Amino acid sequence: MIHTDNKANNYLWKKRAAGSAALLVIAGSALAGCSNADQKPAASADAGSSKSGEAITLTFETSLYAEAPHKKAIDALISKYNQLNPNVKITVHGADYENFWDKLTTEVIAGTQGDIVQVYPENISTYNSLVDGGAFVNLDPYIKGKDLEKKLVGQELSKIGDSYYAISNYAWGNTGIFYRKSLFKKAGIDPDSIKTLEDFKNAAVKLGVDTDGDGKLDQYGFASVVGSHPFVASEWYRLVARPVSGGIFFPDGESGPYKADRINVNSEANVWAAKWWQDFINNPRATPPGTRDKKVGREMFWNGQAAMNMDGPWFIGMTKERDPKLMDDLGLMPQPAIEYNGKTYKPNPHTNPSVAMISKKSKHPEEAWKFLEWMTSEEAQQMIAGSGMIPSNKNYVATDAYKKDNPLAVKFMDYLNNLYAPAVMDPPIPEQGTLSQIIINTAQDIFVGKKDPKASLDEAAAKMKEAFK
Amino acid sequence: MKLRQPLIYLGAVLISLFAISPFVWMVLTSMKPQSDIYSSPLSYFPTSLHTGGYTAMLNPHADDNVNFMKWFYNTVIVSLLTTVFSIVISALGGYSMSRFRYRGRMAIGYLILITQMLPGSLLIIPLYIIMKQYNLLNSHFGLVIAYSTVAIPFCTWMLKGYFDSVSSSIDEAAMVDGAGRWRTFASIIMPLTLPGLVVTAIFSFLTSWNEFLFAQTFLSDYGKWTLSVGIASFQGQYVVNWDYLMAGSVMTTLPIVIAFWALQKYLVSGMTAGAVK
């Protein structure tokens, strides 16, 4: 074994090691300089250059960009805005939908979120409350008392308390029942005759048939979600529970005060709704056997194995992309009304608008606001229409040009205005993430695990109350 | 007794088939049209050859939402830099632990090893804060540093084992012939531990090639994504592009398969080199 007692060797070794270390540091610094040249924290881009005419960079953070139709629309918006305002460069940040929310949480806590962050109304309060004093700008001075307050679908949902923290400037979509016209015709069902939940169930059962005569069912009425996907809960409460109970979390349209003693999940109406849905999805003709997520359900609809599918306007574009020929066979009807305890309840699906907030860390909140406001213009809304969702500006959607190009999408607007009760959305509270997870787990227990609805919802209520302690 | 050999082969074949079945399924699915992917009953083989996924990956104009070649380039750069950084630092550290006797030598070694026992999800927040402070978020260099923190401890210990397997008499002989410590290390010991270096380099390369959590958290700009983050984006909120997902996964796996095949002779000798002194 060598021991380093050779002084000359030691000297040379140390000298060369020091030289090598210096070389590494220099190489590292050079690499750092190269790969870091265009990197700045999202919210501190080009600090101090917000004077008119000077180049600024805004970061636009969204989960939608990972989806092809939205990417196309957002790219078009940014390109056009950059043409109109050559000094404003907008870069898109984000992640895919599944991972976006955890990433956003980390960023908001660290203060590195984008100048503009696009979310859904139910997320506004959760993310704003992650840091003391709020992470996002109060937009009251820009919106209150202005035209924007009335002309944007979902603007009223973009509040914390009485103040606006987001602008509903992109697009929205609620849900309806898509159906295959040919399968309805073959079964002798008139879609216009389906008015109530019982009509819907009867139609679904009638549409469950053995088409090839082998003694086994190979076509089903409705492709429901039965699995681990969050839609296992949302299909149930959007279609059945919320209309009759007023809210799955809190009564009176998921309204406040948001206190433990107002938890509504195990109300009589919600228990009835859970039992009804459990019976429905266990009917072998109404829905296919086994578990499936939304993607499989949609495929079954497209393949003709399921005659009905509950979805939003985005499904129109998805169907067109899947096979343009399917468009001739694609019909849309509103969600059915529900008769319960001698009363009829209108559907109240929430409108799911994508809304945008401005970060308090932004060095250019005024420029960020100008871009967001421009997004509500007719010119911008036309580009947003390409995303497959319904643009949020009511005035634009009312134009003949939009109606002509988007006959099915316009039906959603008609349902919203004439058939549906006011939209109900998840409570805008910080505990909402926990409450949502509880309801998803409970829905899995009831609809996948076939557990007793009353016992499961009682357990969910206890857990929800615990979340408020 | 005569049956023993064929049974062993049969067992080996069955286990191999089981091991490669996910990869085979991935390849088959990547060539299936959407209707086959969801068909019921299950269709094992494509009813018609669908190359849309591969076209989208290779042709940047086929789908605006797919930037596969850019993600591939980013991943190669990050993985290569991580490998170079890790090997240089680990070789020096491993050699030091193997050859020099100084106070706290093993304590430092174990301290380095302890960092391997912490899950990535635990390290991510402190790393994120450090990256933010040094303005390294959303940069490939920041990612290289993050990956190096994972690769270096393990590589250092691996290389120490390889250096231990080379007799110190060789160092002495080199120095008797007039080589200094650096020359002995660079010209004599390093070539002798080449198989070990290759194995360590592959480990380091794979660590960064497949990594998702750090890349997804530290990189925000879509143009800077690596393959793992890009491929994950094919799972959208409303739809999953299975053909893209599978074609992208096959193409991400292929370079690694080729690298293993090309370097297998080093791998076999390298994996056992440090086993005995």
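What counts, and at which threshold
- Residues numbered from 1 in each chain as written.
- Chains lettered and ligands numbered in written order.
- Predicted model: local features only at pLDDT ≥ 70, side-chain atom pairs only at ≥ 80, totals over all residues.
- Heavy atoms only, no water.
- Helix = DSSP H or I, 4+ residues; strand = E, 2+ residues; numbered from the N terminus.
- Buried < 20%, exposed > 50% of the residue type's maximum accessible area, 1.4 Å probe, protein only.
- Contact = heavy atoms within 4.5 Å.
- Areas by Shrake-Rupley, 256 points an atom, 1.4 Å probe, with all protein chains shown as cover.
- Salt bridge = Lys/Arg side-chain N within 4 Å of Asp/Glu carboxyl O.
- UniProt positions renumbered as here; feature names shortened; annotations may be inferred.
- Patch = residues over 30% accessible without salt bridge, like charges linked within 9 Å, V, L, I, M, F, W, Y side chains within 5 Å.
- Pairing = 2+ DSSP bridges.
- 1 Å grid on protein atoms, 1.4 Å probe; cavity = no way out; pocket = protein on both sides within 12 Å on 5 of 7 lines; lining within 4 Å.
- Points joined across faces, edges and corners; volume = space filled by probe spheres on them.
- Axes fitted to C-alpha atoms, helices over the stretch in contact; angles between N-to-C directions.
- Core = buried A, V, L, I, M, F, W, Y, C linked by side-chain atoms within 4.5 Å.
- pLDDT = per-residue confidence, 0-100.
- Parallel < 35°, antiparallel > 145°, perpendicular 65-115°, else oblique.
- Nonpolar A, V, L, I, M, F, W, Y, C, P; charged D, E, K, R; others polar.
- Arc of directions from axis to C-beta.

(A) Focus on the overall build of chain A. What chain A contains, in helices and strands, is 20 helices and 14 strands. By the burial criterion, 56% of the 469 residues in chain A qualify as buried. Counting only contacts in chain A whose residues sit at least 6 apart along the sequence, the fraction spanning at least 24 positions is 72%. Surface summary for chain A: the accessible area is close to 19500 Å², and the carbon and sulfur share equals 52%.

(B) Structural detail: the overall build of chain B. In terms of helices and strands, chain B carries 14 helices and zero strands. In chain B, the order of α-helices and β-strands from amino to carboxyl end is α-α-α-α-α-α-α-α-α-α-α-α-α-α. The buried share of chain B, reckoned over its 277 residues, is 46%. When contacts within chain B are restricted to residue pairs at least 6 apart in sequence, those whose partners lie at least 24 apart make up 72%.

(C) Expanded view of the pattern of salt bridges. Residue and element names in this part refer to chain A. Throughout the structure, instances matching the rule amount to 17 salt bridges over all chains. Between Lys 469 and Glu 466 there is a salt bridge whose closest N-O contact spans 3.7 Å. Three or more residues joined by partner-sharing salt bridges are found here, namely Arg 242, Glu 254 and Asp 426.

(D) Quick look at the UniProt feature "transmembrane region" (unreviewed entry) in chain B. Residues and elements named next belong to chain B. With numbering aligned to this structure, UniProt lists the feature "transmembrane region" (unreviewed entry) at residues 7–28, 71–95, 107–129, 141–163, 184–206 and 244–263. Counting secondary structure, residues 71–95 comes out at 100% helix and 0% strand; the distance between its end C-alpha atoms is 35 Å. Helix and strand shares over residues 107–129 are 78% and 0% respectively, and the end C-alpha atoms of the span are 27 Å apart.

(E) Just a nonpolar patch on the surface, in detail. Residues and elements named next belong to chain B. Taken together, the side chains of Leu 3, Leu 7, Leu 10, Val 13, Leu 14, Leu 17, Ile 20 and Val 24 make up a nonpolar region of the molecular surface, amounting to roughly 760 Å² of accessible area. Its location among the elements puts Leu 14 in helix H1 (residues 4–30). On the accessibility criterion, Leu 14 (52% relative accessible area) is exposed.

(F) Quick peek at the pairing of strand E13 (residues 355–358) of chain A. Residues and elements named next belong to chain A. Judged by which residues are buried, E13 turns out to be covered on both faces: Val 355 and Met 357 on one side and Ala 356 and Ile 358 on the other are all buried. Direction of pairing for strand E3 (residues 116–119) relative to E13: antiparallel, over a ladder of four bridges. Each bridged residue has a counterpart across the sheet, and for Val 117 the counterpart in E13 is Met 357.

(G) Layout of unusual backbone geometry. All names here are of chain A. Along the chain, Gly 256 connects to Pro 257 via a cis peptide bond; the corresponding omega equals 0 degrees. Along the chain, the position of Pro 257 falls in the loop between helix H10 (251–254) and helix H11 (268–282). Not every positive phi belongs to a glycine, and Asn 352 is a case in point at roughly 55 degrees. Within the secondary structure, Asn 352 sits in the loop between strand E12 (343–345) and E13. Despite not being glycine, Lys 450 shows a phi value in the positive range, around 55 degrees. One can find Lys 450 in the loop between helix H19 (432–448) and helix H20 (453–467).

(H) Up close: empty space enclosed by the protein. All names here are of chain A. Across all of its chains, the model carries two cavities of 30 Å³ or more by this definition. Of the volumes computed, that of the second largest cavity is approximately 30 Å³. In this structure, the second largest cavity is lined by Ser 63, Leu 64, Trp 101, Gln 118, Val 119, Tyr 120 and Ser 354.

(I) Spotlight on the sheet that holds strand E2 (residues 88–93) of chain A. Residue and element names in this part refer to chain A. Judged by pairing direction, the sheet is mixed, and its four strands sit side by side in the order E2-E1-E3-E13 without closing on themselves. Of all the strands in the sheet, just E2 and E13 have a single pairing partner and so form its edges. Taking each pair of neighbouring strands and ignoring which way they run, the sheet shows an average axis angle of 25 degrees. In terms of strand pairing, strand E1 (residues 56–61) meets E2 through six bridges, oriented parallel. Across the sheet, the residue bridging to Ile 56 is Val 88, located in E2. Packing against the sheet, helix H3 (residues 97–110) makes contact with E1 and E3, and its axis sits at approximately 145 degrees to E3. The strands touched by helix H14 (residues 365–374) are E1, E2, E3 and E13; relative to E13, the strand with the most contacts, the crossing angle is about 165 degrees.

(J) Spotlight on the nonpolar core. Counting residues in hydrophobic clusters, the biggest one holds 115 residues, and the most contacted among them are Tyr 170, Trp 369, Phe 371 and Leu 372 of chain A together with Met 57 and Phe 218 of chain B. Beyond its immediate chain neighbours, meaning those up to four positions away, Trp 369 of chain A contacts Leu 139, Tyr 142, Ile 143, Leu 148, Ile 167 and Ile 358 of chain A. Tyr 237, Val 265, Met 310 and Ile 439 of chain A belong to the second-largest nonpolar core, a separate cluster that totals 55 residues.

(K) Structural view of the sheet that holds strand E8 (residues 220–222) of chain A. Residues and elements named next belong to chain A. Strand order across the open sheet formed by four strands is E8-E9-E7-E10, with mixed pairing between neighbours. Edge positions in the open sheet fall to E8 and strand E10 (330–333), since each of these has one partner strand only. The average undirected angle you get between the axes of adjacent strands in this sheet is 25 degrees. Note that strand E7 (residues 176–180) and strand E9 (residues 306–311) share four bridges and pair antiparallel. Across the sheet, the residue bridging to Gly 176 is Asp 311, located in E9.

(L) Representation of the confidence of the model for chain B. With 91% of its residues at a pLDDT of at least 70, chain B reaches an overall mean of 87. Averaged over each element, pLDDT in chain B is lowest for helix H14 (residues 264–273) of chain B (66) and highest for helix H4 (residues 68–99) of chain B (94).

(M) Representation of the packing of helix H9 (residues 181–192) of chain B against helix H10 (residues 194–210) of chain B. Residues and elements named next belong to chain B. Two numbers describe how H9 lies on H10: the axes approach to 5 Å, and their chain directions differ by 75 degrees. Our classification of the angle between H9 and H10 gives roughly perpendicular. On H10, the residues that touch Met 190, Pro 191 and Leu 192 of H9 are Leu 194, Pro 195 and Leu 197. Split into classes, the residues belonging to the contact of H9 with H10 amount to six nonpolar, no polar and no charged.

(N) Fine view of the environment of Ile 170 of chain B. All names here are of chain B. Tracing the backbone through its elements, the reader meets Ile 170 in helix H8 (residues 168–176). Distance in space between the C-alpha atoms of Ile 170 and Thr 184 is 8.7 Å, their sequence separation being 14 residues. Discounting chain neighbours no more than four positions away, the residues touching Ile 170 are Ile 188, Ile 189 and Leu 192.

(O) Expanded view of helix H8 (residues 197–206) of chain A. Residue and element names in this part refer to chain A. Listed in full, the buried residues belonging to H8 are Leu 197, Phe 200, Ala 203 and Ala 204. Down the axis of H8, the buried side of the element spans an arc of 125 degrees, and every buried residue falls inside it. Those residues of H8 hidden inside the fold are in contact with E7, E8, helix H9 (231–245), H11, E9 and strand E11 (338–340).

(P) The confidence of the model for chain A, seen in detail. Residue and element names in this part refer to chain A. Here chain A averages 87 in pLDDT, while 89% of its residues score no lower than 70. Taken element by element, the predicted model of chain A shows its lowest mean pLDDT in helix H1 (residues 7–35) (46) and its highest in E13 (98). This model gives residues 11–15 a pLDDT under 50, and the stretch forms three contacts once residues within four places in sequence are excluded. Of the regions scoring below 50 in pLDDT, residues 20–50 engages in 53 contacts with residues more than four places distant in sequence or in other chains.

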